[in-house]
Amino acid sequence: RGRGEMRRRCLLLLLALLCEPGRGREPGPGAVTCGSVLKLLNTRHNVRLHSHEVKYGSGSGQQSVTGVEASDDANSYWRIRGKNDDTCQRGTPVKCGQAIRLTHVNTGKNLHTHHFPSPLSNNQEVSAFGDDGEGDDLDIWTVQCSGTHWEREDAVRFKHIGTDVFLSITGEQYGHPIRGQREVHGMPSPNHHNYWMAMEGVFIKPSMDPAKHDEL
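The structure presented is a predicted model; accordingly, all values stated were derived computationally and were not measured.

The rules behind each value
Residues numbered from 1 in each chain as written. Predicted model: local features only at pLDDT ≥ 70, side-chain atom pairs only at ≥ 80, totals over all residues. Heavy atoms only, no water. Helix = DSSP H or I, 4+ residues; strand = E, 2+ residues; numbered from the N terminus. Buried < 20%, exposed > 50% of the residue type's maximum accessible area, 1.4 Å probe, protein only. Contact = heavy atoms within 4.5 Å. Areas by Shrake-Rupley, 256 points an atom, 1.4 Å probe, with all protein chains shown as cover. Phe/Tyr/Trp six-rings, centres within 6.5 Å; stacked < 30°, edge-to-face > 60°. Lys NZ or Arg CZ within 6 Å of the ring centre and 35° of its normal. Polar contact = N/O pair within 3.5 Å; in protein donor to acceptor, adjacent residues only side chain to side chain. Core = buried A, V, L, I, M, F, W, Y, C linked by side-chain atoms within 4.5 Å. Pairing = 2+ DSSP bridges.

Regarding the overall build of the protein
So, point 1. Helix and strand counts for the protein come out as 1 helix and 13 strands.
So, point 2. Out of the 216 residues in the protein, the part that is buried amounts to 44%.
So, point 3. In the protein, 64% of the contacts between residues at least 6 apart in sequence involve partners at least 24 apart.
So, point 4. Accessible surface, the protein as shown: approximately 11,700 Å² in total, 51% of it carbon and sulfur.

Structure follows, in structure tokens:
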């Protein structure tokens with residue numbers, strides 16, 4: 001009887017620990033944070049989100065966004081920013097469902113989509129738009145993930161707020177002058193073509209509790 005009572009108490013203690021308020025909600029060391037600069041890998045096609053000073057020859061004529069196989073291309077870095085700069089303080093973990101902008105580091109343009117057909121698949125064109133990180137409301141995407149925060153080891157989706165499409169790649173390849181690069185476009189439904197994972201980059205550490213900053 002004593003052993004059964006001890007087992008019952010151990011079980012209750014374990015349940016209490018598992019159900020502790022807030023447990024599992026705190027961002028881990030692998031959280032993607034505001035201000036971080038990273039590369040994003042499409043997990044289905046194994047290419048990284050990319051842009052460059054090459055404009056579309058059709059559609060909007062804006063700066064093109066593609067997928068590249070090379071992991072060391074400097075034109076594949078994107079900075080994580082908020083819907084506006086007040087909503088995404090540097091070092092703050094990005095929450096699942098949060099509205100963000102992705103700014104291409106080398107050109108200062110934001111990941112953007114709008115109602116133009118993409119050149120190869122006739123899905124929705126994705127471009128890079130704006131100057132020095134400032135574009136318009138069609139630069140805003142929400143991070144779709146399963147937990148509380150966007151963790152670096154998680155595959156996530158990016159859903160466009162203005163047009164409800166998902167950032168996707170289905171494998172179509174361009175010819176000259178960007179031979180072999182994949183088309184990036186928006187698709188209306190979630191599927192295995194629109195999962196992305198954070199890869200190489202500079203990740204700003206999550207902010208400490210302001211009351212504890214003196215421990216640094």
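There is more to say, and it comes next.
Quick look at the packing of aromatic side chains
So, point 1. Taken as a whole and assessed by the stated rule, the structure comprises 1 aromatic pair.
So, point 2. Ring geometry for Trp 150 versus Phe 158: centroids 5.4 Å apart, planes at 75 degrees, classification edge-to-face. One exposure class covers both Trp 150 and Phe 158, and it is buried.
So, point 3. Taking the ring centre of Phe 203 as reference, the NZ or CZ of Arg 152 above it sits at 4.0 Å.
So, point 4. Here the guanidinium or amino end of Arg 157 rests over the ring plane of Tyr 195, the centre of that ring lying 4.0 Å away.

Things to note about the environment of His 50
So, point 1. Turning to its location among the elements, His 50 is positioned in strand β2 (residues 47-55).
So, point 2. Each C-alpha atom of the pair His 50 and Thr 66 lies 5.1 Å from the other, and the pair is 16 residues apart in sequence.
So, point 3. When near neighbours in sequence (up to four residues on either side) are disregarded, His 50 contacts Ser 64, Val 65, Thr 66, Val 68, Asp 73, Asn 75, Ser 76, Trp 78 and Gln 181.
So, point 4. At a separation of 3.0 Å, a polar atom in the side chain of His 50 contacts the side chain of Ser 76.

Section: the nonpolar core
So, point 1. One finds Leu 49, Val 65, Leu 111, Trp 150, Phe 158 and Leu 167 to be the most contacted residues of the largest nonpolar core, which totals 31 residues.
So, point 2. Those elements that place two or more of their residues in this core are β1 (37-42), β2, β4 (78-82), β5 (99-104), β7 (124-129), β8 (141-144) and β13 (196-202).
So, point 3. Sequence-distant contacts of Val 65, that is, excluding residues within four places in its chain, are made with Leu 49, His 50, Ser 51, Tyr 56, Trp 78, Leu 111, Val 126, Ser 127, Ala 128 and Val 184.

Considerations on the pairing of β4
Remark: a regular strand shows side chains that alternate across the two faces of the sheet.
So, point 1. Taken across its 5 residues, β4 has 4 buried, putting it largely inside the fold.
So, point 2. In the sheet, β1 pairs with β4 via 2 bridges, with the strands oriented antiparallel. Within β4, the position partnered with Leu 38 by the bridge is Trp 78.

Remarks on the side chain of His 193
So, point 1. Turning to its location among the elements, His 193 is positioned in the loop between β12 (185-187) and β13.
So, point 2. The exposure class assigned to His 193 is buried, which follows from its relative accessible area of 16%.
So, point 3. With near-sequence residues (within four places) excluded, His 193 lies in contact with Asn 42, Arg 44, His 45, Leu 167, Ser 168, Ile 169, Thr 170 and Met 187.

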